[in-house]
Amino acid sequence: LLSMSQSCRVAILGATGAVGTELLSLLEERNFPLSYLTLLASERSAGKHVTFKGESLPITAVSAEAFEGVDIVLASAGGSTSKAWATAIVEAGAVMIDNSSAFRMDPQVPLVIPEINPEAARHHQGIIANPNCSTILMNMAVWPLHQVSPVQRIVVSTYQSASGAGARAMAELEQQSRDVLEGKPARPEILPYPLAFNLFPHNSALNAEGYCEEEVKMVKETQKIFGAPDIRITATCVRVPVLRAHSEAVNIEFGQPFPVDQARSLIQGAPGVTLVEDWQKNYFPMPLEASGQDNVLVGRIRQDISNPNALDLWLSGDQIRKGAALNAVQIAELLLA
Ligand code: A2P
């Protein structure tokens, strides 16, 4: 267990990426008590500089020495980089808060959403995993309801932004959009297919049952975070031409009818979520409005007309913030507490 008092020494691994950049601005914005900050990325970025609190800080190529004396490593440089450096980080005595999927299903590694299972973070052995972005956003809306009436089954469809595939995928969507409007072909390089003016099922690896990795993450990670291995979940994940916030249509089945008004007031009172509904204006959560916000926007809560025990809802949440960087910084704040 990490016992940090006043201020802490932090390293960001993947500091030049979409999530790494957001980690930096969150540390600044939330006035995270830092006594030392080191910014790490690949050799490609060594020598670059970024601005933090008005100061220009250098990016260094990752090495084992870079973790010496560090308390917390916020890692967001992909699964293989996390796997490659985890031992060096733990041996240096630091706690790794890992954004990748590398350790999420490891029984020794807590998988934490601070609004849901903060106590799990206490039992870490050097690594705490940050859940998948689509999983975090869905769980933020479902957990307050699950507390009142245990969820039996979830059917979810996602509308996932380019940011989930990193900064270069976001740049690719912008470039493709310009190209298409100028009558040129959209050239996919990071993503497998053109995303501008298009959408496609999530591009992660498919298993024998026909589910992609992203869908399996939503199932398994939700069961682990809720501590409810029996919840039945099925997901369809889709990449859409949106820059940085994911949306999801979620059907939630309970053991008995769940009054819509009660669900609405639970969402209204829950931390980290905002109820966004104006039924007169047909106004509900939108990814453009969720972008840059800490809270997950939830609305369109309604009775499922095909099942007396189920509700439908719709949400949008910033994939880079609550879906990744914000959740990781909140975990770091738990360690400080
Ligand atoms: P770099 O910019 O030097 O490639 P994103 O998710 O937006 O694509 O960002 C990925 C982040 O992970 C970047 O900061 C990237 O650094 C970093 N990264 C990728 N591969 C490695 C690696 N092998 N070692 C260290 N950092 C890496």
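The residue count restarts for each chain, going from 1 along the sequence in the order it is written. Residue-level local features of this predicted model are given only where pLDDT is at least 70; pairs of side-chain atoms are given and counted only at 80 or more, and the full residue set underlies all totals for whole chains, interfaces and linings. Where side-chain values are given, they derive from all heavy atoms of the structure, hydrogens and water being excluded.

1. Quick word on the overall build of the chain
Then, number 1: When you go through the chain residue by residue, the secondary structure sums to eight helices and 14 strands.
Then, number 2: The reference for a compact globule is 2.2 Å times residues^0.38; the radius of gyration itself is calculated from the C-alpha atoms. For 337 residues, the compact-globule estimate of 2.2 N^0.38 gives 20 Å, and the chain sits close to it at 20 Å.
Then, number 3: Seen along its three principal axes, the alpha-carbon backbone of the chain occupies a region of about 60 × 55 × 40 Å.
Then, number 4: Note on contacts: a residue pair is in contact if any heavy atoms of the two residues lie within 4.5 Å. A separation of at least 24 residues holds for 67% of the contacts in the chain among residues at least 6 apart in sequence.
Then, number 5: Surface exposure of the chain reaches about 14900 Å², of which carbon and sulfur atoms provide 51%. Helix and strand definitions follow DSSP, with helices as H or I runs of at least four residues and strands as E runs of at least two, each counted in order from the N terminus. Only the protein chains shown count as cover for residues, with accessible areas throughout obtained via the Shrake-Rupley method and a probe of 1.4 Å.

2. Observations regarding the site of the ligand
Then, number 1: Proximity criterion: a residue is near a molecule or strand once any of its heavy atoms comes within 4 Å of it. Taken together, 15 residues surround the ligand, and among them Thr16, Ala18, Ser42, Arg44 and Ser45 come closest.
Then, number 2: We define a polar contact as two N or O atoms separated by no more than 3.5 Å, with the added condition that, inside protein, one atom must be a possible hydrogen donor and the other a possible acceptor, whereas residues neighbouring each other in sequence contribute only through side-chain atom pairs. Between the ligand and Gly17, the relevant distance is 3.0 Å, taken from an oxygen atom to a main-chain nitrogen or oxygen of the residue.
Then, number 3: A distance of 2.4 Å is found between an oxygen atom of the ligand and a side-chain nitrogen or oxygen belonging to Ser45.
Then, number 4: With respect to the detected pockets, the ligand is housed in the largest pocket.
Then, number 5: Charged means Asp, Glu, Lys or Arg here, nonpolar means Ala, Val, Leu, Ile, Met, Phe, Trp, Tyr, Cys or Pro, and polar covers whatever is left, Gly included. Looking at side-chain class alone, the shell around the ligand contains six nonpolar, eight polar and one charged residues. Lining residues are those with an atom within 4 Å of a point, where the points come from a 1 Å grid over the protein atoms alone and group into cavities, where a 1.4 Å probe fits but cannot get out, or pockets, open sets with protein on both sides within 12 Å along at least five of seven lines. Being in a pocket or cavity means that more than half of the molecule's atoms lie within 2 Å of its grid points.

3. Digging into the layout of surface pockets
Then, number 1: Grid points are joined across faces, edges and corners, and a volume is the space filled by probe spheres set on the points. One number sums up the size of the largest pocket: a volume of about 1300 Å³.
Then, number 2: Along the walls of the largest pocket sit 44 residues, with Ala77, Gly78, Gly164, Ala165 and Gly166 positioned nearest its centre.
Then, number 3: Where the lining of the largest pocket is concerned, the elements lending two or more residues are α1 (18-29), α2 (79-91), α4 (167-181), α5 (213-226) and α8 (321-336).
Then, number 4: In terms of residue count, α5 provides more of the lining of the largest pocket than any other element does, three residues in total.
Then, number 5: The residue inventory of the lining of the largest pocket, partitioned by class, reads 13 nonpolar, 23 polar and eight charged.

4. What to know about the environment of Gly14
Then, number 1: With respect to the helices and strands, Gly14 occurs in the loop between β1 (8-13) and α1.
Then, number 2: Sequence separation of Gly14 and Asn295 is 281 residues, and the distance between their C-alpha atoms is 24 Å.
Then, number 3: Contacts of Gly14, omitting those with residues within four sequence positions, involve Gly20, Leu40, Ala41, Ser76 and Ala77.

5. Here's the deal with the pairing of strand β2 (residues 34-41)
Then, number 1: Looking at chain direction, β1 and β2 are connected through six bridges and run parallel. Bridging across to β2, Arg9 finds its partner in Tyr36.
Then, number 2: Seen with the strands pointing away from the viewer, any crossover whose path from the first strand over the helix to the second strand runs clockwise is right-handed. You can see the chain leave β1, run along α1 and come back into β2, and the turn it takes is right-handed.
Then, number 3: Taken together, the three bridges between β2 and strand β4 (residues 55-61) define a ladder with parallel strand orientation. The partner of Ala41 across the bridge, within β4, is Ala61. Two strands qualify as a pair provided DSSP detects at least 2 bridges between them.

6. Overview of the pattern of salt bridges
Then, number 1: One speaks of a salt bridge when a side-chain nitrogen belonging to Lys or Arg is within 4 Å of a carboxyl oxygen belonging to Asp or Glu. Evaluated as defined, the whole model comprises 13 salt bridges.
Then, number 2: Residue Arg244 pairs with Glu22 through a salt bridge whose shortest N-O separation is 3.6 Å. Of this pair, Arg244 sits in the loop between β10 (232-239) and β11 (245-254) while Glu22 sits in helix α1, and the two are 222 residues apart along the sequence.
Then, number 3: Each of Glu22, Glu29, Arg244, Asp294, Asp318 and Arg321 takes part in salt bridges that share partners, so that together they form one network.

So yeah, pure geometry; function would need other evidence.
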